[in-house]
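Reading the structure
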Amino acid sequence: MDRYAPQEIEKKWQKKWEEKAAYRTEADPSRPKYYALEMFPYPSGNLHMGHVRNYSIGDVMARYKTMEGFNVLHPMGFDSFGMPAENAAIQHGVKPSDWTYGNIKNMERQQRAMGLSYDWAREVKTCAPDYYKWTQWLFELFYKRGLAYKKKASVNWCDTCGTVLANEQVIDGKCWRCDSEVHKKALSQWFLKITDYADRLLADLDKLKGWPDRVKTMQDNWIGRSEGLEFDIDVPSLGEKLPVYTTRADTAYGITFVALAAEHPLLSKIMENNPKAEDIKAFCKRVKSQSEIERTSSESEKEGIFTGIYAVNPFNGNKVELWVTNYVLAEYGTGAVMGVPSEDQRDWMFAKKYHLPIIITLQPKNHTLVLEEMTEAYTDKSGVLVNSGRFDGMEMHEALKGIIDEAVKGGFGRRKVNYRLRDWLISRQRYWGAPIPVIHCPNCGEVLVPEEKLPVRLPENVSFEQGNVSPLAQCEAFVHCKCPRCGAEAKRETDTMDTFICSSWYYLRYTDPQNENAPFAKDKVNYWAPVDQYIGGIEHAILHLLYSRFFTKVLHDAGLVDFDEPFTNLMTQGMVLKDGSKMSKSKGNVISPEEIIAKYGADTARLFILFAAPVERDLDWSDKGVEGAYRFLGRVWRILAHFEDTIQSAPKQYDITTLTKEEADLRRVLHMTIRKVTEDIRDRFMFNTAVSSIMELVNAFYAFQDKDINAGLVREVAEALLKLLAPFAPHITEELWTTLFAGMGSVHQQKWPAYDAEAVKLAEIEIVLQVNGKVRDKLIIPSDMDRAAMEKLAMRLPRTKELTKGKTIVKVICVPKKLVNVVVKG
């Protein structure tokens, strides 16, 4: 134990763990199970610090739960289909499979160098035929249950990626992957009926007590359930009834125009023998070229063209103009919107621009609206109705119900629930993805590939010279086949599946990854799943997490699993920043994990990234912080090396009544630390404060470096210290444990330490931390702690540092046994 040499220690233990299959996991009904999972990565070739943070968090939970006595499943794999591999094939002339598997091999090596406790025997690669066979099988399951269909639709198209995108993959009008502008294109595409599950996906958010409220709110908003009225507006000159949907039926008497989407199917009839047909056609063409965000933004200019056609408001018989506008979308509602300028800001802007009439239908209770004095629409949902026939003077919510009842009773309206959510578009016009297992037969139509013929393998002999044209569509050997039903010449589907299909069920495959007869065995998936703790970035709140919930509910309904939510608890970690910006190659601020591991070791990298910030917040990289974590591990090594002989000769049991006051104080600090670290990991995921507490314990231990001390206490402190630190720094603790406690097995298989309630209870009190007189936190301290020690402890707290950052500390007021008040300004 002459020196701390992390590079030697870490390679040694990684090799031993692999040789012993130390983290291999099998079902064991005699122990409670715990499934810890981090979102698996795309094999880009190199880990970044965001990966390190994600995996370190998961590894702490897996190791801690193992020491608590749980049978822990902690797997890893690769989300390995997708565009980058295909782009590499186009740019560098390499096969996507070679590029992908080469990157996987490198990232596996990097993950192993971090000392992560993965059961590598369960590894899955979504691009492997033994995985995508079951992705295709699941597609067929959806198809048979009426949840997969193909239709021609106006879809989101990215020219750069050369493929369509689901609505969820368009962020602020741009492609989620390459950030290029997205535009609409009419194509025949495959969809999954996620809308059939909209109500359940929404209602079951209440089940997810262990999910961040922020994520649940994002999903709630994306599903966008609204209850309203769909009613028909007569268009006499066309002999048509135009359905419109509204959640504000209380304003229906104020309709002064009807706005149509540029894609509305009625437009073809409107333009027949219409002198304005060419102008309308040109306007529609221009609008369709605009991005969705341009058209729907409250800030963008509202444009339109009058069709020359009039409609009739069914509530009051008023004649209203029919316009085509740029702010109505075909995908939402019915593609036609009633224009009520007095109560809708977009309609107000439109009416003002084109000098359309405005009718006030709602008066607030505390003042009177005068049209000539109004500068914007009145959008509050409160007041009484005016200019609304027999509903005049009625409170808005009461009138809303009455007007809907009138429409339903009159036979021209229907109560309706609408959703923002649209069916999931899963077709991709690319090569490197799971082929959709459908054959198009001239006699039989769509025919599923028989299950025994799965997987439909990706051919190797394809050309990428066509660029944005799908290589599969150009591969004659792949396209041409026989119909499995009638034997006629037929063609394969050449679209591949969205890679989010692959990641919507991978967590289930981990439970039974070598199964050749099913995606997973029911007894195994029900033993391990659902995932107890899932860890990943907030950026997947809509995409991956919503899709996974949908998949799990379908599989539950099909009788394949006994649960209907995939992830019981969810933790969304913050990003790793450098100089306040997200790390990226283009900014030149990337820190390589391999550089840190080579210089300081994996334990230092892990410890720093867990200590530097609360897990849910962004972490700003600090070279000094890394050096500090390295120095701390060196201090742990040196203090235990100093007491090596004492520890090895000490009795396992000793009489605590013989301890001096100073020794009793150290023991109290030890057991307060055990309690704090346990609660921080188990209850709060506050890994930064857990590490801080361990550091305080080491400082207290150092006070006895040159003093006589009870040997039994030294052994107790050393044993507990290594167990507490083991989930954070697995290599150094394994090395020290086997040196100091030879014959007791791995530190990672030891029982998690329990604190002595008596040792803590007798000498501690709870005080409050205040900042400028307001209570901000509570902390437990020794009852005899003096003012100076209270101030020192309070100022070291992460919460204090957070609340005083960038401010001037004027003074610190300490009242023994009661409070610490930090007075700041700025």
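Figured I'd write up the structure that's included with this text. What you see is a predicted model, and the numbers here were worked out from it, not measured in a lab.

A few words on the pairing of strand 1 (residues 33-38). Most of strand 1 sits out of view: 6 of its 6 residues are buried. Alternating residues of strand 1 divide into Lys 33, Tyr 35 and Leu 37 and Tyr 34, Ala 36 and Glu 38, and every residue in both groups is buried. In this sheet, strand 2 (residues 71-73) lies alongside strand 1 in parallel orientation, the contact comprising 3 bridges. Across the sheet, residue Tyr 35 finds its bridge partner in strand 2, namely Leu 73.

This part takes up the sheet that holds strand 25 (residues 570-573). Across the sheet, 4 strands lie side by side as 2-1-24-25; this open sheet has parallel pairing. The two strands at the open ends of the sheet, each matched to only one other strand, are strand 2 and strand 25. The sheet shows a mean angle of 20° between the axes of neighbouring strands, taken without regard to direction. As judged from the 4 bridges shared by strand 24 (residues 533-537) and strand 25, these two strands associate in the parallel manner. What sits directly across from Gly 536, in strand 25, is Thr 572. Along the sheet face, helix 2 (residues 49-67) touches strand 1, strand 2, strand 24 and strand 25 and points at about 175° away from the line of strand 1.

Per the stated rule, a full pass over the model turns up 57 salt bridges. Across the pair Glu 86 and Arg 430 runs a salt bridge whose closest N-O atoms are separated by 3.2 Å. Here the residue Glu 86 occupies a position in helix 3 (residues 83-92), and Arg 430 occupies one in the loop between strand 18 (427-428) and strand 19 (438-441), the gap between them amounting to 344 residues. Assigned by exposure class, Glu 86 and Arg 430 land together as buried. Through salt bridges with shared partners, a single network forms among Asp 204, Lys 207, Arg 549, Lys 553, Asp 564 and Glu 565.

Strand 32 (residues 819-825) sits mainly inside the fold: 6 of its 7 residues count as buried. Pairing geometry for strand 29 (residues 764-771) and strand 32, over 4 bridges, is parallel. Residue pairing for strand 32: Val 771 is matched across the bridge by Val 822. Across 7 bridges, strand 31 (residues 808-815) lies against strand 32 in antiparallel orientation. Of the residues in strand 32, the one forming a bridge with Ile 813 is Asn 821. A loop of 3 residues connects strand 31 with strand 32, the two strands running antiparallel in sequence, and Lys 817 in this loop sits at a positive phi of about 70°.

Once that is clear, we can look at the environment of Val 691. Its place among the elements puts Val 691 in helix 23 (residues 687-702). A relative accessible area of 1% places Val 691 in the buried class. Distance in space between the C-alpha atoms of Val 691 and Phe 350 is 59 Å, their sequence separation being 341 residues.

Calculation notes
- Residue indices follow the written sequence of each chain, beginning from 1 at its first position.
- Residue-level local features of this predicted model are given only where pLDDT is at least 70; pairs of side-chain atoms are given and counted only at 80 or more, and the full residue set underlies all totals for whole chains, interfaces and linings.
- Values shown for side chains rest on all heavy atoms present in the structure; no hydrogens or waters enter the calculation.
- Only protein chains enter the accessibility calculation, which uses a 1.4 Å probe; a residue whose area is less than 20% of its type maximum is buried, one above 50% is exposed, and one in between is partly exposed.
- Numbering of helices and strands runs from the N terminus; a helix is a DSSP stretch of H or I covering at least four residues, while a strand is a stretch of E covering at least two.
- Any two strands between which DSSP finds at least two bridges are classified as paired.
- Every axis corresponds to a line fitted to the C-alpha atoms, with the helix fit spanning only the stretch in contact, and the corresponding angles, defined between N-to-C directions, vary from 0 to 180 degrees.
- Any two residues whose heavy atoms approach within 4.5 Å at even a single point are treated as in contact.
- Salt bridges are identified by distance alone: a Lys or Arg side-chain nitrogen within 4 Å of an Asp or Glu carboxyl oxygen.

In short, the description is geometric, and any link to function would need to be established separately.
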